[in-house]
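Listed below are the residues making up each chain.
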Amino acid sequence: MSGIRTLTSEHGGDEDDARSSQSITSFQTDKQQPPAKAVTKPASLARRLLFPHLHADADLPPLLVSPAATLELNDELYNFIAIALRAFVHPWWMKITRYDKEFLPDITRVLTVVIRSLEARIIRTDLSPLILRDLPSLLSQHYQDYRNAQSKLHTSYASGGAASLPQLFHQSQPHMAVSADGTVDDAYIRQAIDGVLASCLPWEDYDADPERFIVREIIVKVVLGGVFPRLTQPWFIHQQILNILGPDRGKEKLVERPSLHGTSPNSFSFHSLVIFFLSAIRSISGACLALMHAYRHAIGTIKKVNQSTAFSHVSSEQDETECWRGATKSTLPGTLNTGVSHSEDITVQQPVPMLSPPPSPPPLRPGLSPAADHQLQHNYVHPALHLLTTFLTPSPSLIYPPRSTPLAITYILTLLLTPFTSILSRLLPHLLYTHLFSPSSLITILQSARNALFPGGYPAVPPPDPTPDEQVELRKELARHLLALIPTPLQLVFGTNAEMRLDTVDKALLEPLSSAECNTHLMVFILDLILLSLFPEMGVSVPGDLAEGVRSPVGSLDSMVTDMTPPRPDSRPP
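Each value, and the rule that gives it
- Residues numbered from 1 in each chain as written.
- Predicted model: local features only at pLDDT ≥ 70, side-chain atom pairs only at ≥ 80, totals over all residues.
- Heavy atoms only, no water.
- Helix = DSSP H or I, 4+ residues; strand = E, 2+ residues; numbered from the N terminus.
- Buried < 20%, exposed > 50% of the residue type's maximum accessible area, 1.4 Å probe, protein only.
- Contact = heavy atoms within 4.5 Å.
- Lys, Arg positive; Asp, Glu negative; His and termini not counted.
- Salt bridge = Lys/Arg side-chain N within 4 Å of Asp/Glu carboxyl O.
- Polar contact = N/O pair within 3.5 Å; in protein donor to acceptor, adjacent residues only side chain to side chain.
- Expected span 1.5 Å × (residues − 1).
- Phe/Tyr/Trp six-rings, centres within 6.5 Å; stacked < 30°, edge-to-face > 60°.
- Core = buried A, V, L, I, M, F, W, Y, C linked by side-chain atoms within 4.5 Å.
- Axes fitted to C-alpha atoms, helices over the stretch in contact; angles between N-to-C directions.
- Parallel < 35°, antiparallel > 145°, perpendicular 65-115°, else oblique.
- Left-handed = near helix turned anticlockwise from the far one by under 90°.
- Nonpolar A, V, L, I, M, F, W, Y, C, P; charged D, E, K, R; others polar.
- Patch = residues over 30% accessible without salt bridge, like charges linked within 9 Å, V, L, I, M, F, W, Y side chains within 5 Å.
- Areas by Shrake-Rupley, 256 points an atom, 1.4 Å probe, with all protein chains shown as cover.
- pLDDT = per-residue confidence, 0-100.

(A) Seen up close, the overall build of the protein. In terms of regular secondary structure, the protein is built from 23 helices and two strands. For the protein, the residues scored as buried account for 35% of the 574 residues in total. Taking as baseline every contact in the protein between residues at least 6 positions apart, the subset at least 24 positions apart corresponds to 75%.

Set out below in structure tokens:
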């Protein structure tokens, strides 16, 4: 027994020595292994240009302070700013000095103040009248004036036939910022942007002329050098509409289903009858499930719309006195005070549709009650029907369809939609804010704008514009796509055969957007509409004697003159 214990102890000692040697070896090997490298984020363009001293692992500081803003939206805005600064500031600044890395971050700081002030104004402003009422009215007027100018070509109304289509259109829509050949006056854009900076920047930043001039010229270069030349081109408008509509479903080939019958057309079996019966039950059950889902979704949407509308009315009644009192203060709404942080001002407001009333109480129409006047001002169905009527109105060069067709369709739609005008006028703003103004949609819009203004980034060579033949083919493709979206029974309104229908869609919907000079007028009016909606103090109000008895929507084109004056008497650009 003692021998066995001795062997066991010796054997156990050998195992302990082996384990200790293995542990020492493993400790030495672990100690000799190099430490794992820290994973660093790739340095983006915004990080290298705008924040050169920021740590590699740190996130970019938030540009938007709204709680609904996502990191992806923040990064897209920084990328857009970085590309714009590299395109318009970095080339000439590098010729002055190659060692100063603080100039672009200082410009970014000023742009951050402007963007946050714009964010505050956008949150406070109800954009539903702008998108659902004023913009359709502006498009309808553009189509009507284009067709009127087209009908005057080669007549005595066109200066004996010598005036061109852009000149005749300019006579219908004269604007101080646009010439007859479609040239935009840079002084008008510079003055408008200077007014925006005067409302957004604190006084110490606005009073610094070099800082303000540089920021202003960057925005002017983006607007005049990138936005207007692209948005006014007909082929670019056609391309963007095709991108929004997506692939054409008419080109997709339909997969032929196998016949339920046997190889012989006259053969009939119990198996085929069972398949037909089960297929019918499956189709009926699928249709019922789809109807139930649509019903539940509609009920949930209506409840959300009613709740948001009730909340907006309660909040507007509670804050009405404060809003009128705040409009009379020396500090304009949305500007930044040095004593109050901007983040506190933003977080109080939530991006809810119809959040606050306009800055000044609008006068009522004579003879109308407040409820009737409110209903007229927030009727978003009539502008859409008017725009549809304008689309369906035949061009002077078309014989088909007859002019009575759009009137009949409009009357039928008006009769069908009139009982639902109230709910539709509340539903459309809800859909606008939940879909078009959602963070994912804004990211898509920013990416499309960046790819359109700086394709491939800067200083990459942009792709060439389409040739005239490619532009014609692009227009035909868009006409085919639009015609495919119309239900087949309604396509008879546009012609008796496919060729006539394509020609009608092309001339009714696409031809009024085929002139870059006329499109320039439309883009300038849209710019005025956006500025007057966000900065109503930039517009010149109609005098009381002339405006007596006239009621126009606040912020619309009828309520403001196109002249734009700076809010401060001494804010004059050089």
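(B) Examining the side chain of Arg147 more closely. With respect to the helices, strands and loops of the structure, Arg147 is situated in helix H6 (residues 128-151). Buried charge without a partner: Arg147 forms no salt bridge, and the closest opposite charge is Glu511, 7.1 Å away. A distance of 2.6 Å separates a polar side-chain atom of Arg147 from the backbone oxygen of Ala508.

(C) Expanded view of helix H19 (residues 439-453). In a regular helix each residue adds 1.5 Å, so 15 residues correspond to 21 Å; H19 covers 21 Å between its end C-alpha atoms and thus fits that length. Of the residues making up H19, those classed as buried are Ile443, Leu446, Arg450 and Ala452. Each element contacted by the buried residues of H19 is listed here: helix H3 (71-88), helix H10 (209-231) and helix H11 (234-245).

(D) Seen up close, the packing of aromatic side chains. Enumeration over the complete set of coordinates arrives at ten aromatic pairs. A ring pair is formed by Phe51 and Tyr78, whose centres lie 5.3 Å apart and whose planes are at 85°; its orientation type is edge-to-face. Pair noted here: Phe51 is in the loop between helix H2 (45-50) and H3 and Tyr78 is in helix H3, with a separation of 27 residues, a long-range link. You'll find Phe51 and Tyr78 in the same group, each marked buried. Measuring from centroid to centroid gives 5.9 Å for Trp203 and Tyr206, while their planes differ by 35°, and the two rings are tilted.

(E) Inspection of the environment of Arg86 at higher detail. Residue position: Arg86 is located in helix H3. Each C-alpha atom of the pair Arg86 and Pro459 lies 8.3 Å from the other, and the pair is 373 residues apart in sequence. Apart from the residues lying within four places of it in its own chain, the contact partners of Arg86 are Leu45, Leu49, Pro91, Tyr458 and Pro459.

(F) Molecular detail of the nonpolar core. Ranked by size, the top nonpolar core spans 66 residues in total, and within it Leu50, Leu85 and Ile107 carry the most contacts. Those residues in contact with Ile107 that lie beyond four places of it in its chain are Leu85, Val89, Ile214, Val215 and Ile218. One finds Leu392, Leu483, Ile486 and Phe494 within the second-largest nonpolar core, a separate group that totals 15 residues.

(G) Summary view of the packing of H3 against helix H5 (residues 103-124). Put simply, H3 and H5 touch, their axes get as near as 11 Å, and they point 130° apart. Overall, the two elements H3 and H5 adopt an arrangement that is oblique. With respect to the hand of their crossing, H3 and H5 are arranged in right-handed fashion. Along the contact surface, H3 presents Tyr78, Ile81 and Leu85, while H5 presents Leu104, Ile107, Thr108, Leu111 and Ile115. Among the residues forming the contact of H3 with H5, the class breakdown is seven nonpolar, one polar and no charged.

(H) Quick peek at a nonpolar patch on the surface. A cluster of nonpolar side chains, namely Phe270, Leu273, Val274, Phe277, Leu278 and Ile281, defines an oily patch on the protein surface of about 600 Å² accessible area. Along the chain, Val274 falls in helix H12 (residues 270-318). Its relative accessible area of 31% is what places Val274 among the partly exposed residues.

(I) Focus on unusual backbone geometry. Although it is not a glycine, His154 adopts a positive phi angle of roughly 60°. Summarising the element assignment, His154 is placed in the loop between H6 and helix H7 (165-172). Of note in this structure, Ser159 is not a glycine but carries a positive phi near 55°. Examined against the element boundaries, Ser159 turns out to sit in the loop between H6 and H7.

(J) Representation of the packing of H6 against helix H18 (residues 421-436) in the model. Remark: H6 packs on H18, axes separated minimally by 9 Å, with the N-to-C direction vectors making an angle of 120°. By the criterion of interaxial angle, the relationship of H6 to H18 is oblique. Handedness of the crossing formed by H6 with H18: right-handed. Contact residues: Ser128, Ile131 and Leu132 in H6; Leu428, Pro429, Leu432 and Tyr433 in H18. Residues of the contact of H6 with H18, tallied by class, amount to six nonpolar, one polar and no charged.

(K) Focus on the pattern of salt bridges. Per the counting criterion, the structure on display carries 15 salt bridges. Measuring nitrogen to oxygen at the nearest pair gives 3.4 Å for the salt bridge that ties Arg216 to Glu217. Accessibility expressed as a relative area gives 2% for Arg216, which makes it buried. Each of Asp186, Arg190, Asp194, Asp209, Arg212, Arg216 and Glu217 takes part in salt bridges that share partners, so that together they form one network.

(L) Seen up close, the side chain of Thr504. Within the secondary structure layout, Thr504 lies in helix H21 (residues 498-510). Within the local environment of Thr504, its side chain forms a polar contact with the backbone oxygen of Met500, the two atoms lying 2.8 Å apart.

(M) Here's a closer look at H5. The first and last C-alpha atoms of H5 sit 32 Å apart over 22 residues, in line with the 32 Å expected at 1.5 Å per residue. Counting buried positions along H5 yields 17 of 22 residues, so the element is predominantly enclosed.

(N) Broad picture of the confidence of the model for the protein. In the predicted model, the protein carries a mean pLDDT of 74, and 69% of its residues have values of at least 70. Per-element confidence in the protein is highest for helix H22 (residues 516-534), whose mean pLDDT is 94, and lowest for helix H14 (residues 342-348), whose mean pLDDT is 34. Counting interchain partners and residues more than four positions distant, the pLDDT-below-50 stretch residues 1-12 has zero contacts. Confidence drops under a pLDDT of 50 for residues 252-265, and excluding neighbours within four residues, the segment shows five contacts in the predicted structure.

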